[in-house]
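Chain and residue survey
Residue-level listing of the chains:
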Amino acid sequence: RQIRHLVSASLKPVNSPLIQRESSGPGPCMSIALSHRYTESLPADSERSRQPRIVEGAAYSFVDPDPVSQPRLLAWSTALGDSLGIARPSEDQDAWLQVLSGNTRWSGTSPYANCYGGHQFGQWAGQLGDGRAITLGEFVDRSGSIHELQLKGAGRTPYSRGADGRAVLRSSLREYLCSEAMHALGVPTTRALSLITTGDDVVRDMFYDGNPQAEPGAIVCHVAPSFLRLGTFELPASRGDTPLLRQLVDYSIEHHEPDIDHRDPDALFAWYEAICRRTARLIAEWTRVGFVHGVMNTDNLSIHGITIDYGPYGWLEPYEPGWTPNTTDAQTSRYCFGRQPAIAQWNLSRFGGALTHLTSDTERLEQCLASYAEEYEHASQAMFASKLGLVDLQSEARQQLLTDLFDLLSMTETDYTLFFRGLGAVPAERPGEAEPQAALMPAYYDPAALQGEVGQALRDWVARYQLEAKQQPDAVRQADMQRSNPLYVARNYLAQLAIDEAEQGRTEELHRLIQVLENPYTEQPGMERYAEKRPEWARHRAGCSALSCSS
């Protein structure tokens, strides 16, 4: 449990009023409101060089992005841009394009890279930090909400550890695509405003086999309430830097927890419990859509309960709880689909261990951590009931139905997304009038398997399912299931096809895919190929199944 008993530091609320500054800008965005809560509330690194080093006593380091030679806009989130009050860049010399590529600093901003640590693959890794991500600043949108805009692939920082701080197009395109796809799915996530190619090559060894290759470089602009993560708090705790840890906690509660009074003596516990519960709901949402993060280190879990750091992620295609999309994780499968709920709890326990530097009441911290399992149980039960179109999963019969479904899906390669989507088309009011295979056939990678034991098991399970599902009219049940079960997800092979085209300078496939994924629950005529299971040619092709951390 890594529990240590230390005396709590005195609570010193941080006073950081919102400061707004006007800046000239393109198009309809003639003025931008800026907030400086973060940089004015928390201590900065006293050194300003990019030299890789250990940074102590600071939450961040001021650093400007490295310029690029020829920025070109590849993708833009119009809805997000409109909400922020930023117009789509219209040409290569557009002011916002220059800002979002790192070539120009927006007036009044002071870009910075965050300092944090983390447990990676179960081991404490020490200081990590933003090695290739630079936050431009805090921007106030049209509704008054504050968002941080961060450029990933913007160049070297003190946390680059000898690397170049750049990112390649293939990983950047995947990050942009998945961020916006997850938003459309209703899964809490960071957003992606822009995807820009830099005109510069980046050398990467994609397979870590000693054969580095030059690849086109790119930059993604991520948007989030903040990029504070569990590892942000672990690092000062690991160093015994209780004053900085206290400042970070006070800041987070005061500015990101509207329902918690940061002056309340119990604010720390309320905050920890809120993070545990948000994380539980997030993991349930990942399970709902079949998303596998692939690298659930403590530095990759947000305090906001949103998905961050889209690296070697993947979508569960054939149902396989032990599948991980991360080649680095292939031996242990620590971050596989089936272990994500337990790993999130483990990460939160490490986070709770860091908070023992601020309180000696470890029993209260344990109670807060226990809320994770409680919340996940509640959220996952409601989620699976919705996916199955059932009123609830309270009865023993329905619980067994769900347990047996997982066994059924494991009998032969069965597409997770397409099975649940097809299940909504199986009638419950008129059982026996239609064979379940007709609606569920697209989910099976080997349809011939349905001729034998698998087919009989499927028919038996569907018959039991129909008895439970007929508690609601088919129309009501099917509408509920369509809202829970997407038809289109950002499958790795689809992303790879878009990458192949984009690397050749063609973006039609990328834009088509983005358009389809904007409406993942609605059948789109003419776009049937985006709802198909993974083709055989993609089973072992690089980028279509498992991926490396190389980016």
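The rules we used
- Residues numbered from 1 in each chain as written.
- Predicted model: local features only at pLDDT ≥ 70, side-chain atom pairs only at ≥ 80, totals over all residues.
- Heavy atoms only, no water.
- Axes fitted to C-alpha atoms, helices over the stretch in contact; angles between N-to-C directions.
- Helix = DSSP H or I, 4+ residues; strand = E, 2+ residues; numbered from the N terminus.
- Parallel < 35°, antiparallel > 145°, perpendicular 65-115°, else oblique.
- Contact = heavy atoms within 4.5 Å.
- Nonpolar A, V, L, I, M, F, W, Y, C, P; charged D, E, K, R; others polar.
- Phe/Tyr/Trp six-rings, centres within 6.5 Å; stacked < 30°, edge-to-face > 60°.
- Buried < 20%, exposed > 50% of the residue type's maximum accessible area, 1.4 Å probe, protein only.
- Lys NZ or Arg CZ within 6 Å of the ring centre and 35° of its normal.
- Polar contact = N/O pair within 3.5 Å; in protein donor to acceptor, adjacent residues only side chain to side chain.
- pLDDT = per-residue confidence, 0-100.
- Expected span 1.5 Å × (residues − 1).
- Pairing = 2+ DSSP bridges.
- Lys, Arg positive; Asp, Glu negative; His and termini not counted.
- Salt bridge = Lys/Arg side-chain N within 4 Å of Asp/Glu carboxyl O.

What about the packing of helix H9 (residues 362-388) against helix H10 (residues 396-411)?
In the contact formed by H9 and H10, the axes pass within 12 Å of each other and the chain directions differ by 75°. Of the possible angle classes, the one that applies to H9 and H10 is roughly perpendicular. Only Gln399, Leu402, Leu405 and Phe406 of H10 make contact with H9, whose side of the interface consists of Gln381, Phe384 and Leu388. Considered class by class, the residues forming the contact of H9 with H10 number 5 nonpolar, 2 polar and no charged.

Focus: the packing of aromatic side chains
How two aromatic rings sit relative to each other is given by the distance of their centres and the angle of their planes. In total, this model carries 27 aromatic pairs according to the counting rule given. Seen from their ring centres, Trp96 and Phe139 are 6.1 Å apart, and the 55° between their planes marks the pair as tilted. Within this pair, whereas Trp96 is found in helix H3 (residues 95-100), its partner Phe139 is found in strand S7 (residues 133-140), the two being separated by 43 residues in sequence. In this structure Phe139 comes out as buried when scored by relative accessible area, which is 3%. The structure contains a cluster of three or more aromatic residues connected by ring pairs, namely Tyr319, Phe337, Phe384, Phe406, Tyr416, Phe419, Phe420, Trp461 and Tyr465. Directly above the aromatic system of Trp346 lies the positively charged group of Arg350, at a separation of 4.4 Å from the ring centroid.

Thoughts on the environment of Asn347
In this structure, Asn347 sits in helix H8 (residues 340-355). Taking the C-alpha atoms as reference, Asn347 lies 29 Å from Ala495; in sequence the two are 148 residues apart. Residue contacts for Asn347: discarding those within four places in its chain leaves Leu230, Met296, Asn297, Thr298 and Leu301. In this structure the side chain of Asn347 is engaged in a polar contact, spanning 2.8 Å, whose partner is the backbone oxygen of Met296.

Thoughts on the environment of Gly129
Mapped onto the elements, Gly129 comes out in the loop between strand S6 (123-127) and S7. Overall, Gly129 belongs to the buried group, its relative accessible area being 8%. Once the C-alpha coordinates of Gly129 and Phe291 are considered, the two residues, 162 residues apart in sequence, prove to be 25 Å apart. For Gly129, the residues in contact, after removing those within four places along its chain, are Asn114, Cys115, Tyr116 and Tyr159.

Remarks on the confidence of the model for the protein chain
Considering every residue of the protein chain, the mean pLDDT works out to 91; 92% of them sit at 70 or more. Throughout residues 1-30 the model reports pLDDT below 50, and contacts reaching past four residues in sequence, or to other chains, amount to 78 contacts.

Structural notes on helix H4 (residues 169-185)
Compared with an ideal rise of 1.5 Å per residue, which puts 17 residues at 24 Å, H4 spans 24 Å between its outermost C-alpha atoms and is within 8% of the ideal. Burial analysis of H4 places 15 of its 17 residues in the buried class, the great majority of the element. Looking one or two places after H4, you find Gly186, whose phi comes out positive at around 85°.

What about the pairing of strand S8 (residues 146-152)?
Burial analysis of S8 places 7 of its 7 residues in the buried class, which makes it a mostly covered element. Where burial is concerned, the two faces of S8 agree: the one with Ile146, Glu148, Gln150 and Lys152 and the one with His147, Leu149 and Leu151 are both buried. Where S7 meets S8, 7 bridges bridge the pair, whose relative direction is antiparallel. If you follow Val140 over to S8, its bridge partner there is Ile146. In textbook terms, the turn of a hairpin is the stretch between consecutive antiparallel strands, and for S7 and S8 this stretch comprises 5 residues, one of which, Gly144, has a positive phi near 95°.

Let's talk about the side chain of Asp141
Tracing the backbone shows Asp141 in the loop between S7 and S8. Here Asp141 sits buried without a salt bridge, and the closest side chain of opposite charge, Arg142, lies 8.3 Å off (N-O distance). Within the structure, Asp141 has its side chain in polar contact with the backbone nitrogen of Gly144 (distance 3.0 Å). Once residues lying within four places of it in the same chain are set aside, the contact partners of Asp141 are Ser83, Leu84 and His147.

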